[in-house]
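Breakdown of the fold
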Amino acid sequence: SGSNVVADPYSGLARGANAVDLQTKRSDESYVARGAMSVVIGGEDNRTSLTSSRVAVVGGYNNIGTSSNGFLGGGSNNNVGDTNAGILAGTGNVASEPSATVIGGDNNVANGTASIVGGTGANAQHAGAFVFADSSGSTWQSNGADTFNMYVGNGVYVSKRKVFNGDGSLPDDF
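Here's a quick rundown of the structure. (Residues numbered from 1 in each chain as written. Predicted model: local features only at pLDDT ≥ 70, side-chain atom pairs only at ≥ 80, totals over all residues. Heavy atoms only, no water.)

Considering unusual backbone geometry
Of note in this structure, Asn62 is not a glycine but carries a positive phi near 55°. Backbone geometry at Ala114 places phi at a positive 60°, although glycine is not the residue there. Looking at the element boundaries, Ala114 is found in the loop between strand E13 (109–110) and strand E14 (116–120). Overall, the relative accessible area of 41% leaves Ala114 in the partly exposed class. (Helix = DSSP H or I, 4+ residues; strand = E, 2+ residues; numbered from the N terminus. Buried < 20%, exposed > 50% of the residue type's maximum accessible area, 1.4 Å probe, protein only.)

A word on the nonpolar core
With 20 residues, the main nonpolar core has Ile87, Ala95, Val102, Val117 and Val131 as its most contacted residues. Excluding anything up to four places from it in sequence, Val117 contacts Thr101, Val102, Ile103, Gly104, Asn108, Val109, Ala110, Ala122, Asn123, Ala124 and Val131. (Core = buried A, V, L, I, M, F, W, Y, C linked by side-chain atoms within 4.5 Å. Contact = heavy atoms within 4.5 Å.)

Looking at the sheet that holds strand E7 (residues 64–65)
Reading across the sheet, the seven strands line up as E5-E7-E9-E11-E13-E15-E17 and stay open at both edges, with parallel pairing between neighbours. Either end of the sheet is taken by a strand with one partner, and the two such strands are strand E5 (47–48) and strand E17 (140–141). (Pairing = 2+ DSSP bridges.)

Considerations on the pattern of salt bridges
For the coordinates displayed, the defined rule picks out two salt bridges. A salt bridge links Asp21 to Arg26; its shortest N-O distance comes to 2.9 Å. According to the relative accessible area criterion, Asp21 is buried, its value standing at 8%. Between Lys25 and Glu44 there is a salt bridge, with the nearest N and O atoms lying 3.9 Å from each other. A residue pair is termed long-range when its members are at least 10 positions apart, and Lys25 in the loop between strand E3 (20–21) and strand E4 (39–40) and Glu44 in the loop between E4 and E5 qualify at 19 residues. (Salt bridge = Lys/Arg side-chain N within 4 Å of Asp/Glu carboxyl O.)

Description of the packing of aromatic side chains
Applying the stated rule across the entire model yields two aromatic pairs. Ring geometry for Phe130 and Phe148: centres 4.9 Å apart, planes at 10°, overall stacked. Of this pair, Phe130 sits in strand E16 (residues 130–133) while Phe148 sits in strand E18 (residues 148–151), placing them 18 residues apart in sequence. The exposure class assigned to Phe130 is partly exposed, which follows from its relative accessible area of 25%. (Phe/Tyr/Trp six-rings, centres within 6.5 Å; stacked < 30°, edge-to-face > 60°.)

Quick notes on the pairing of E18
Of the two faces of E18, the one lined by Asn149 and Tyr151 is fully buried and the one lined by Phe148 and Met150 carries no buried residue. As paired strands, E16 and E18 are joined by four bridges and run parallel to one another. Directly across from Phe130, in E18, lies its bridge partner Phe148.

What follows is the structure, given as structure tokens:
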């Protein structure tokens, strides 16, 4: 009594108080919704930590919710690690500061409070930074707090009109 963990009568796995776990396949008995009031909807080997609460992991593979009030939409090998942080989808993404968000892609890190990242290898290390990186495979970091950082190799288009070349120069017809 008084414990934050409730025994699962069907498999013997420990779950957090008032937590729900609907995934039907896991390779380790600890891969469950362990946080209080957390939910794992489906997928495989997804989990929330014992110290988390009110975290949702919707699906995918090997996703971890270690925060409070976090959301992880799917994908694989993602980690939501701080309050109100979220990852929509992708693989190898981390949202590790309060209100940090990964909108998708792979190997992105939202490591600034209220930062947003997406693409491939985007890395927000500052509060309020937005970083988008193309699929070139390089890692791109934010340049400071409250900045918009975009790394694209083949130009920037607005309303189907090219406004910047990939090297930052203006197009000839601008």
